[in-house]
Amino acid sequence: MAVIKSKKFVIRPYKKGDEILLQRNINDKAVCKYTLRIPYPYTIKEAKDWISRCIKSKNGKNKKEIHFAIDVNGEVIGGMGFIKIEKHKAEIGYWLGKKYWNRGIMTEAVKLMVNFGFKKLKLVRIYAQIFSKNRRSARVLEKNGFRFEGLLRKEIYKNNKLSDAILYAKIK
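In short, a report on the structure. None of the values given here were measured: they were computed from a predicted structure.

Definitions and cut-offs
Residues numbered from 1 in each chain as written. Predicted model: local features only at pLDDT ≥ 70, side-chain atom pairs only at ≥ 80, totals over all residues. Heavy atoms only, no water. Salt bridge = Lys/Arg side-chain N within 4 Å of Asp/Glu carboxyl O. Buried < 20%, exposed > 50% of the residue type's maximum accessible area, 1.4 Å probe, protein only. Helix = DSSP H or I, 4+ residues; strand = E, 2+ residues; numbered from the N terminus. 1 Å grid on protein atoms, 1.4 Å probe; cavity = no way out; pocket = protein on both sides within 12 Å on 5 of 7 lines; lining within 4 Å. Points joined across faces, edges and corners; volume = space filled by probe spheres on them. Nonpolar A, V, L, I, M, F, W, Y, C, P; charged D, E, K, R; others polar.

With respect to the pattern of salt bridges
Where charged atoms of side chains with opposite charge meet at close range, the side chains can pair. Counting across every chain of the model gives nine salt bridges. Of the charged contacts, one joins Arg12 and Asp18 as a salt bridge, the two residues approaching to 2.8 Å between their closest N and O atoms. Accessibility expressed as a relative area gives 2% for Asp18, which makes it buried. Where Arg139 meets Glu142, a salt bridge forms, and the shortest distance between an N and an O atom there is 3.6 Å. With Arg139 and Glu142 both in helix α5 (residues 135-143), this residue pair falls three residues apart, about one helical turn. Bridged by salt links that share partners, the residues Arg12, Lys15, Asp18 and Asp71 form one connected network.

Description of the layout of surface pockets
Of the pockets and cavities examined, the largest pocket occupies roughly 1100 Å³. At the level of elements, α1 (19-26), α2 (29-32), α3 (44-59), β4 (75-83), β5 (89-96), α4 (105-119), β6 (125-131) and α5 are the ones that each hand at least two residues to the lining of the largest pocket. Top element by residues in the lining of the largest pocket is β5. It accounts for six residues. In the lining of the largest pocket, the residues fall into 25 nonpolar, eleven polar and nine charged. Taken as a whole, the second largest pocket holds about 390 Å³ of empty space. Here the lining of the second largest pocket takes four residues from strand β8 (residues 161-171), the largest share from any one element. For the lining of the second largest pocket, the per-class residue count stands at seven nonpolar, three polar and seven charged.

Considering unusual backbone geometry
Look at the link from Tyr40 to Pro41: it is a cis peptide, with omega at 0°. Its location among the elements puts Pro41 in the loop between α2 and α3. Phi at Lys84 takes a positive value of approximately 55°, unusual for a residue other than glycine. Within the secondary structure, Lys84 sits in the loop between β4 and β5. Using a relative accessible area of 40% as the deciding quantity, one classes Lys84 as partly exposed. Not every positive phi belongs to a glycine, and Asn159 is a case in point at roughly 55°. Checked against the element boundaries, Asn159 lands in the loop between β7 (147-158) and β8.

As structure tokens, then:
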């Protein structure tokens, strides 16, 4: 599996030993608020289950999803990946620990991941569904050339609430 390097961080596969730092950086209401699949609180058991799942999927043959850790000096500070991978398209998702916000890390990480998707996975369409109120994520996508494609009313069900989603996409 690929390792993608930048000057600020490394995007790499999850590995055994990442559980504690994963849980520490992801277990924050502000981080989980606008993520589709990350619960709050996020327990160490969930971190262990996630790492195990990522390791198993990395070794599997059926690649419907691929997940990476964002690593700074050996610490998992965020995560990203592709889900719903089909022949020509995939959905991108990501999160970043709050103490690393506003440093340009996610904007650069999305750029590197999109390049990986287009070049290595041979995708021609990468899309993201985000909470309609998540302006930070919208800005990250817009800075990376993603275009607004539409509003999906009552699309997201999280914490017993329905929310609207915004669909963004980038075409190769």
